[in-house]
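# An overview of the molecular structure
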Amino acid sequence: MRYVILIIAALAALRTDEARAERFLVRDQAQFREATETLSPGDEVVLANGEWRDFQVLFEGRGLADRPITLRAETPGGVVLTGQSNLRLSGEYLLVSGLVFRDGHSPTDEVIAFRRDSRRTASHSRVTQVVIDRFNQPDRRTEDIWVAIYGQDNRVDHSHFEGKSNAGVTLAVIRPRGNSQPNRHRIDHNYFGPRPNLGSNGGETVRIGTSEESLSDSNSIIESNFFDRCDGEVEIVSNKSGGNIFRGNVFHESRGALVLRHGSGNLVEGNVFFGNGKAHTGGIRVINPRQTVRHNYMEGLAGTGFASAITVMNGVPDSPINRYHQVVGAVIQGNSVIDSRRITLAAGADEERSAPPVDTRFERNLIFNESGDDPFRAEGDIGGITFAGNVQNPVRQPLLQDGFQRRELDLARAANGLLYPTGAAAGAAGVPRSLQPIRREQTGVAWYPKNGTGTAAFGSGARTEVTAGASLARAVAMASSGDTIRLGPGAHFVDAPLAIGKTLTITGPAPQGEAILRFGGRTLFEIAEGGRLHLTGLTVSGDRAPRAPGNAVIRAAARPMLANYAIVIEDSRFGELDGSPDFDVVATSPSALADSIDIKGSRFERVSGAVVDARGAGEDSPLYSAEQVRISRSEFREVGAVVDLRRGGRDESTFGPIFSLTDSVVVESGRLRGASVRLSGVQVASIERNRFVDSAPIEVTHSVGTPQTLVAGNLFARTPPVVLRELYAPGPPRAVLRGNRTEAVQ
Ligand code: CA
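Keep in mind that this is a model prediction, so the values were computed, not measured.

### Points about the overall build of the protein chain
A count of helical and extended segments in the protein chain gives three helices and 71 strands. Relative to the 2.2 N^0.38 estimate, which gives 27 Å for 746 residues, the radius of gyration of the protein chain is 29 Å and therefore close to what a compact globule would have. With the principal axes as the frame, the protein chain shows a C-alpha extent of 110 × 70 × 50 Å. Burial analysis of the protein chain (746 residues in total) assigns 59% to the buried set. Once local pairs closer than 6 in sequence are excluded, the contacts in the protein chain between residues at least 24 apart make up 74%. Accessible area for the protein chain stands at about 28900 Å²; split by element, carbon and sulfur atoms hold 48% of it. Within the protein chain, the 86 negative side-chain charges are centred at a point lying 1 Å from the centre of the 84 positive side-chain charges.

### Side note on the pairing of strand β39 (residues 385-388)
Judged by which residues are buried, β39 turns out to be one-sided: Ile 385 and Phe 387 face inward and are buried, whereas Thr 386 and Ala 388, on the alternate face, are not. As defined by bridge partners, strand β36 (residues 360-363) adjoins β39 across four bridges and the pair is classed as parallel. Note that in β39 the partner of Arg 361 across the bridge is Thr 386.

### So, the coordination of the calcium ion
Each pair of donors in an ideal four-coordinate tetrahedral metal site encloses 109.5 degrees, whereas pairs in an ideal six-coordinate octahedral site enclose 90 or 180 degrees. Each protein donor to the calcium ion is listed here as Asn 201 (OD1), Glu 204 (OE), Glu 233 (OE), Glu 233 (OE) and Glu 235 (OE); together their distances run 2.3 to 2.6 Å. In primary sequence terms, the donor set of the calcium ion follows N-x2-E-x28-E-x1-E. Of the residues examined, Glu 233 reaches a relative accessible area of 2% and is grouped as buried.

### Quick word on the domain arrangement of the protein chain
One widely used convention gives an interface's size as the accessible area the parts lose upon coming together. Here the domain parsing of the protein chain yields domain 1 (21-199 + 208-230), domain 2 (250-437) and domain 3 (463-743). Using only C-alpha atoms to locate each centre, domain 1 and domain 2 end up separated by 34 Å. On the domain 2 side, the residues contacting the 12 residues of domain 1 number 13 residues. Here domain 1 packs against domain 2, burying approximately 1000 Å² in sum over the two surfaces, 54% of which is carbon and sulfur. Counting every contact that joins domain 1 to domain 2 gives zero salt bridges. Connecting domain 1 to domain 2 are eight residue pairs in polar contact (both at pLDDT 80 or more). Class assignment for the residues of the side of domain 1 that touches domain 2 results in four nonpolar, four polar and four charged.

### As for the packing of aromatic side chains
All chains considered together, the criterion is met by 18 aromatic pairs. Relative to Phe 251, the ring of Phe 227 lies with its centre 4.5 Å away and its plane at 5 degrees, an arrangement referred to as stacked. Of this pair, Phe 227 sits in strand β22 (residues 226-228) while Phe 251 sits in strand β25 (residues 250-252); the two residues are 24 residues apart in sequence, bridging distant segments of the chain. Residue Phe 251 is classed as buried on the basis of its relative accessible area of 2%. With a centroid separation of 6.0 Å and an interplanar angle of 65 degrees, the aromatic rings of Phe 274 and Tyr 297 are classed as edge-to-face. Taken together, the residues span a long stretch of sequence, with Phe 274 in strand β28 (residues 272-274) and Tyr 297 in strand β31 (residues 297-299) at a distance of 23 residues. Through a chain of ring-to-ring contacts, the aromatic side chains of Phe 161, Phe 192, Phe 227, Phe 251 and Phe 273 assemble into a single cluster.

### Regarding the nonpolar core
Among the nonpolar cores identified, the biggest contains 82 residues, and Phe 101, Ile 112, Phe 114 and Ile 132 are the most heavily contacted of them. Ranked by residues supplied to this core, first place goes to strand β14 (residues 145-149) with five residues. The two domains that each donate at least three residues to this core are domain 1 (21-199 + 208-230) and domain 2 (250-437). The residues touching Phe 114, leaving out its near neighbours within four places in the chain, are Leu 89, Thr 121, Ala 122, Ser 125, Val 127, Val 147, Ala 148, Ile 149, Tyr 150, Asn 154, Arg 155 and Val 156. One finds Ala 475, Val 585, Phe 636 and Val 639 within the second-largest nonpolar core, a separate group that totals 67 residues.

### Remarks on the environment of Ser 589
Following the sequence through the fold, Ser 589 ends up in the loop between β56 (584-587) and β57 (594-600). Along the chain, Ser 589 and Gln 181 lie 408 residues apart, while their C-alpha atoms are 44 Å from each other. Apart from residues no more than four positions distant in its own chain, Ser 589 is found in contact with Ala 556, Ala 557, Ala 558, Tyr 565 and Ser 625. Only 2.8 Å separates the side chain of Ser 589 from the side chain of Ser 591, close enough to count as a polar contact.

### Topic: the sheet that holds strand β48 (residues 503-507)
With parallel pairing, the 11 strands of this open sheet are ordered in space as β44-β45-β48-β51-β54-β57-β59-β61-β64-β67-β70. Lying at the two open borders of the sheet, with one neighbouring strand each, are β44 (463-466) and β70 (736-738). Neighbour-to-neighbour, the strand axes of this sheet turn through a mean angle of 10 degrees, independent of strand direction. Looking at chain direction, strand β45 (residues 483-487) and β48 are connected through four bridges and run parallel. Bridge pairing in β48 places Ile 485 opposite Ile 506.

### What about the pattern of salt bridges?
Considering all chains together, one arrives at 49 salt bridges under this definition. With a shortest N-O distance of 3.9 Å, Arg 673 and Asp 644 are connected by a salt bridge. One end of the pair, Arg 673, is in the loop between β62 (665-667) and β63 (677-680); the other, Asp 644, is in strand β60 (residues 635-646), and 29 residues separate them in sequence. Given a relative accessible area of 2%, Asp 644 falls into the buried group. Linking Arg 678 and Glu 699 is a salt bridge whose minimum nitrogen-to-oxygen distance equals 3.0 Å. One end of the pair, Arg 678, is in strand β63; the other, Glu 699, is in strand β66 (residues 698-702), and 21 residues separate them in sequence. Residues Arg 678 and Glu 699 agree in their burial class; the two are buried.

### Observations regarding the confidence of the model for the protein chain
Close inspection of predicted coordinates is inappropriate in any region flagged by low pLDDT. For the protein chain, the mean per-residue pLDDT works out to 94, and 96% of the residues sit at or above 70. Contacts from residues 11-16, a stretch scored under 50 in pLDDT, to residues over four places away or in other chains number one contact.

### Things to note about the environment of Ser 340
You can see Ser 340 is positioned in the loop between β34 (336-338) and β35 (343-347). Leave out the neighbours within four places in its chain, and Ser 340 touches Met 298, Glu 299, Gly 300, Leu 301, Ala 309, Asn 369 and Pro 375.

### Examining the side chain of Ser 125
On the secondary structure map, Ser 125 appears in the loop between β11 (122-123) and β12 (126-128). Judged by relative accessible area, which is 2%, Ser 125 ranks as buried. A polar side-chain atom of Ser 125 sits 2.9 Å from the main-chain carbonyl oxygen of Ser 123. With residues near it in sequence (within four places) discarded, Ser 125 still touches Leu 89, Glu 92, Tyr 93, Leu 94, Phe 114, Asp 153, Asn 154 and Arg 155.

### Regarding the environment of Glu 37
Mapping Glu 37 onto the fold places it in the loop between α2 (29-35) and β2 (44-47). Of the residues examined, Glu 37 reaches a relative accessible area of 66% and is grouped as exposed. Separated by 586 residues in sequence, Glu 37 and Leu 623 place their C-alpha atoms 45 Å apart.

### Observations regarding unusual backbone geometry
Cis peptide bonds are those with omega within 30 degrees of zero, and the linkage from Ala 510 to Pro 511 qualifies with 5 degrees. Topologically, Pro 511 is positioned in the loop between β48 and β49 (515-519). Residue Pro 657 is bonded to the preceding Gly 656 through a cis peptide linkage, with omega at -5 degrees. Position of Pro 657 among the secondary structure elements: in the loop between β60 and β61 (658-662). In this structure, Arg 134 takes a positive phi of about 50 degrees despite not being glycine. With respect to the helices, strands and loops of the structure, Arg 134 is situated in the loop between β13 (131-133) and β14.

What counts and how
- Position numbers for residues start from 1 in each chain and track the written sequence from start to end.
- A pLDDT threshold of at least 70 governs which residues receive local features in this predicted model, and a stricter bar of 80 or more applies before side-chain atom pairs are shown or counted, although totals over entire chains, interfaces and linings include all residues.
- Only hydrogens and water are removed before side-chain values are computed, so all heavy atoms of the structure are retained for them.
- Each helix is a run of H or I in the DSSP string that is no shorter than four residues. Each strand is a run of E no shorter than two, and both are numbered from the N terminus.
- Throughout, the radius of gyration refers to the C-alpha atoms, and the reference size of a globule is 2.2 Å times the residue count to the power 0.38.
- Buried means the residue's accessible area, taken with a 1.4 Å probe over protein chains only, is under 20% of the maximum for its type, while exposed means over 50%, and partly exposed covers the values in between.
- Contact criterion: two residues are considered in contact whenever any of their non-hydrogen atoms come within 4.5 Å of each other.
- All accessible-area figures derive from a Shrake-Rupley calculation using a 1.4 Å probe, and residue coverage is judged against the displayed protein chains alone.
- Neither His nor the chain termini are counted; the positive set is Lys and Arg, and the negative set is Asp and Glu.
- The atoms used to mark charge sites are NZ of Lys, CZ of Arg, CG of Asp and CD of Glu.
- Two strands make a pair as long as DSSP finds a minimum of two bridges between them.
- Here the term donor refers to an N, O or S atom within 2.8 Å of the metal (or 3.2 Å for Na, K and Ca), and because water is left out of the atoms, sites may appear incomplete.
- Either an automatic procedure or a domain database provided the assignment from which the domain bounds are taken.
- By definition, the buried area sums, over both parts, the 1.4 Å-probe accessible area that each loses when the two are put together.
- The term salt bridge refers to a side-chain nitrogen of Lys or Arg lying within 4 Å of a carboxyl oxygen of Asp or Glu.
- Polar contact is the term for a pair of N or O atoms within 3.5 Å; when the atoms are in protein, one must be able to donate a hydrogen and the other to accept it, and sequence-neighboring residues count only if both atoms are side-chain atoms.
- Classification used: nonpolar for Ala, Val, Leu, Ile, Met, Phe, Trp, Tyr, Cys and Pro, charged for Asp, Glu, Lys and Arg, polar for all others including Gly.
- Only Phe, Tyr and Trp rings are paired, with Trp represented by its six-membered ring, and only when their centres lie within 6.5 Å; those with planes under 30 degrees apart are stacked, over 60 edge-to-face, the remainder tilted.
- As used here, the term nonpolar core means buried Ala, Val, Leu, Ile, Met, Phe, Trp, Tyr and Cys residues forming a set that is joined through side-chain atoms within 4.5 Å.
- For helices, the fitted line uses only the C-alpha atoms of the stretch in contact; every axis is such a line through C-alpha atoms, and the angle between N-to-C directions lies from 0 to 180 degrees.
- Predictor confidence is given residue by residue as pLDDT, running from a minimum of 0 to a maximum of 100.

In structure tokens form, the structure reads like this:
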């Protein structure tokens, strides 16, 4: 009897709740606050379509498993939060959907947070069909997190995150110190759109946990997400907790790797990596005990070292929590690694990282390289890895013998888009045919385009002409991205800096004469947000620039820029840039990153500063200002320095800077600064087939990482030999010097 009464009471309560469930359509922030003061299970708050500016949304309440409290857009994608906006959830069984964050940034250090403050988190809650598009802090060095997941049993799914270009993780599971309980979050079917190279640590797309609580399990699932050109830093995904599952994700042309950085007992299964030969595309990096890497597919990955298709690292004995725990009991099984450059075992072995992988199985993997090159490298002892049942096509000088069958393989692409050996040649090795990579359009939302960065290519637009005496400033202002401006023969004078905020080519009239460009300001071209500049066939003279130090022909704007820029100088001549000290040709800024600076077939004469000044943010800062500087077939006479390219600090999270100087001539240069070419913290440098005459030496300083410096086939006439320094690595400098000729200093 009492039991029946209880049931009736419960039903009555249920009816009352249902009766109370309401739908509120709110049209402004005051209405929203009123509607959300007391929310009951089943309630639904609907934001009216339109722009909501400077709206800090606090969504708080306690729903029930079968009757969540909902906050949604009137129609999915119809509500756009702009300006200084963000969203905090607090409580239980909350559901948010259909919002877009664009044209602004969060006033706090999170855009969406599953908590109100450190004591009030959200659990059993879900954020779905939300878009965050370029909602960046104005200064790329300011750190924030777009989606910060606290609490337990939350889900972020079918959402679209694109264009994060300031520092900080795109989506993070936060496990604060002292909070070691399992989280059981689910992160699935999201579209992680293009994220440009940050040029520093803090550019991860996903992070699960932090090192402090990494010895406990998060038990989160990250599955069926699409990572599209996520280039932020060396870790696309940084796993820092245990018991997580990474399953069925696709990584498309993303630089870096899925890194099992901290935490043990994780499963990485059925993921697909397509590199398409793009530099630094990697796969999975294994660190810590009991990791399983199974049935993953890697194709066209060009990464090496820590960004190899598969990297198994050496650990640090009795590792501190934030270093590298030894790989123990890893299972690497049934993966297909196809036309990928490298598989690195015992990676990073050195005096500190001296604990090799042990009790580890590498079995039934399929390795194929059309080139006939063996991708395997061992940087230390691999006696603790057992190889069995692997199949590889015949390669020159294979590193490994036992546990490999080598046979000719013919691959054919199956309906799922993946390559498999024809016939039964590979037996049970490699990924199963049942693997179904998630397609881009199955992730994110259907109502928001996945176009990517949409940067126009040089020369892809219209062509206009500017005759001598006409206004180049006007032509630049009127041009659309991708356009080409052709200067007529004769003198062109520019009195104020030309802001370049688009892709623009400016070309001379060759072969119909010469265009000479002069300028009366401290800068001729100022690269602004979205700017990319290509100069070709021009003559630039600095003789009319002010007699004050620090002029530049091309300068990155001092205010922070989010988009990475590019500069190409081709078949051009620069001179008379010596009327005042430190007159640079290209002056970069640490508040913006040049993806590339290319100089080809050009001549520089009498430049008091550097042709490329990329000194970054200083000796202790890892922020550098140019990823790639490439100079070829060029001539430098009486220049302060050809290049000054530096990356400071001890951060190992980036691939650059990368430098090359080839087939060029350097005469009477670098004396004032003590070096004609100064590189510091550069990761890859090649200086080949140049002539240095009556110049100051090349100076190369190595800091962290595994810098590769090659100085080969150069002639040094009355020029001191290369000066090499190691800041941290013991022993002799690691550079390769080969086939250089020296003529005596007089
Ligand atoms: Ca990192």
